[in-house]
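Chain residues, written in single-letter form:
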Amino acid sequence: PYSISTALAMTYAGAAGDTASQMAATLHFTLPAERLHPALNAYALDLQARAEQATEGTPFELSIANSLWGQEGFPFLDAFLDLLAENYGAGMRLVDYQNDPEGARQAINDWVSDETRDRIKDLIPQGAIDAMTRLVLANAIYFKAGWLNPFEESATGPEPFHLLDGSTAEIPMMRQTESYGYVLGDGYRAIELPYQNGNTSMLIILPDEGQFRAVEERLSAELVADLLGRMTYGQVNLGLPKFTYESEFNLNDALIGLGMTD
């Protein structure tokens, strides 16, 4: 969500008229433009400061990078470029979409791969860029941190994991008993797993059996704030599956549905 918000805020910086008003309403940009972009800049600096903050644990790695990829010879407004350079650290890189869209795509993907330590290798799929493209705005975020309470490899072993379709898979389950903040909520359980540095954490919500869709539909910023305010702290016998995940979204239809029709 932060990456999407940042990329669209960069786009908003170049919008006017109905397009700008629709974007502001959809994205809940209530600050005037002269305050909005500095506010987003301050937020990015605050996140970076957390990564560099001196704490008892190991600092986490955080890289937030923005970039512009424009068509060679296309007349971009200086005020637009200056605003993004000043508030988002985004410089303009020139490519030739007209004559080499595939080369431009590879260049952008290579930049994203570098900024995410090779975790995201093909951000822009084939066909997403063509000879009519004039500008691509890219945002990349990389975060890496160690657990405050690391899981012992010797305590990890195969256990059944129940899928939404009712089937069961054998997967590696990490286990430990430690003191954590947790909530026993209406239809779910939640736990907060702190990272080593102490000022970041992962919040995990586990719906009760048969309650997945109901809990998913209730997910909101208000629910998360309520969870964090109701934490009970005590010993938890925790089983957490080892996992990786990838996701990709085309936001066109969603943004149009929210009112960003232009």
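Going by the structure above, here's the rest.
Residues numbered from 1 in each chain as written. Predicted model: local features only at pLDDT ≥ 70, side-chain atom pairs only at ≥ 80, totals over all residues. Heavy atoms only, no water.

(A) Just the overall build of the protein, in detail. Along the backbone of the protein there are 8 helices and 8 strands. Structurally, the protein occupies a C-alpha span of about 60 × 40 × 35 Å along its principal axes. Buried positions account for 31% of the 262 residues belonging to the protein. A separation threshold of at least 6 residues defines the contact pool for the protein, and within that pool the share at least 24 residues apart is 66%. Accessible surface for the protein amounts to roughly 16,300 Å². Of this, 53% is attributable to carbon and sulfur atoms. Here the protein carries 15 positive and 37 negative side-chain charges, and the mean point of each set is 5 Å from the other. (Helix = DSSP H or I, 4+ residues; strand = E, 2+ residues; numbered from the N terminus. Buried < 20%, exposed > 50% of the residue type's maximum accessible area, 1.4 Å probe, protein only. Contact = heavy atoms within 4.5 Å. Areas by Shrake-Rupley, 256 points an atom, 1.4 Å probe, with all protein chains shown as cover. Lys, Arg positive; Asp, Glu negative; His and termini not counted. Charge placed at Lys NZ, Arg CZ, Asp CG, Glu CD.)

(B) Focus on the pairing of strand β4 (residues 157-162). Where β4 and strand β5 (residues 168-185) come together, 6 bridges link them in antiparallel fashion. Across the sheet, residue F161 finds its bridge partner in β5, namely A169. Between β4 and the antiparallel strand that follows it, β5, lie 5 residues; G166 among them carries a positive phi value of about 95°. (Pairing = 2+ DSSP bridges.)

(C) Geometry of the packing of aromatic side chains. Taken as a whole and assessed by the stated rule, the structure comprises 9 aromatic pairs. Ring geometry for Y12 against F29: centres 5.4 Å apart, planes inclined by 55°, an arrangement best described as tilted. On the criterion of sequence distance, the pair formed by Y12 in helix α1 (residues 2-12) and F29 in the loop between α2 (17-27) and α3 (33-52) is long-range, its members being 17 residues apart. Ring centres of F74 and F76 lie 5.0 Å apart, and the angle between their planes is 55°; this geometry places the pair in the tilted category. The exposure class assigned to F74 is partly exposed, which follows from its relative accessible area of 38%. What makes F76 buried here is its relative accessible area of 17%. Each member of the aromatic cluster is reached from another via a ring pair, and the members are F60, F143, W147, F151 and Y195. (Phe/Tyr/Trp six-rings, centres within 6.5 Å; stacked < 30°, edge-to-face > 60°.)

(D) Examining the sheet that holds strand β2 (residues 92-95) more closely. The 3 strands lie next to each other as β2-β1-β3, forming an open sheet whose pairing is mixed. If you trace the sheet from one side to the other, it starts and ends with β2 and β3 (135-144), each paired once. Here the strands of the sheet are splayed against their neighbours by 30° on average, with no regard to which way each runs. Pairing analysis gives 4 bridges linking strand β1 (residues 61-71) to β2, with the strands arranged parallel. Among the inter-strand pairings, G70 is bridged to a residue of β2, identified as L94. On top of the sheet, helix α5 (residues 101-115) reaches β1, β2 and β3; it is set at about 165° to β1, its chief contact. (Axes fitted to C-alpha atoms, helices over the stretch in contact; angles between N-to-C directions.)

(E) Spatial organisation of the environment of R175. Locating R175 in the fold gives a position in strand β5. Expressed as a C-alpha distance, the spacing of R175 and V215, which sit 40 residues apart in the sequence, is 25 Å. A distance of 2.8 Å separates a polar atom in the side chain of R175 from a polar atom in the side chain of E159. (Polar contact = N/O pair within 3.5 Å; in protein donor to acceptor, adjacent residues only side chain to side chain.)

(F) Quick peek at the nonpolar core. Judged by nonpolar contacts, the single largest core of 19 residues is most densely connected at M10, Y12, L27, F29, L84, Y88 and A90. Other than its neighbours up to four places away in sequence, L27 contacts L8 and M260. Among the nonpolar cores identified, the runner-up in size contains 13 residues, and V95, Y97, W111 and I124 belong to it. (Core = buried A, V, L, I, M, F, W, Y, C linked by side-chain atoms within 4.5 Å.)

(G) Region of interest: the pattern of salt bridges. Taken as a whole and judged by the stated rule, the model has 5 salt bridges. Across the salt bridge formed by E159 and R175, the nearest N and O atoms sit 2.8 Å from each other. Of this pair, E159 sits in strand β4 while R175 sits in strand β5; the two residues are 16 residues apart in sequence, bridging distant segments of the chain. (Salt bridge = Lys/Arg side-chain N within 4 Å of Asp/Glu carboxyl O.)

(H) Looking closely at unusual backbone geometry. Its identity is not glycine, yet R117 carries a phi of approximately 55°, on the positive side. Mapping R117 onto the fold places it in the loop between α5 and β3. Backbone geometry at D118 places phi at a positive 70°, although glycine is not the residue there. You can see D118 is positioned in the loop between α5 and β3. Exposure remark for D118: the relative accessible area of 42% places this residue in the partly exposed category.

(I) Spatial organisation of α1. Taken together, the buried positions of α1 are T6, A7, L8, A9, M10 and Y12. Elements that come into contact with the buried residues of α1 comprise α2, α3, β1, α4 (78-88), β3 and α8 (252-257).

(J) Summary view of the side chain of S67. Relative to the assigned elements, S67 resides in strand β1. Look at S67 and you get buried, because its relative accessible area is 0%. Among the polar contacts listed, one links the side chain of S67 to the side chain of W69, at a separation of 2.7 Å. What S67 contacts, discounting residues up to four positions off in sequence, is M10, A90, G91, R93, W111, V136, L137 and A138.

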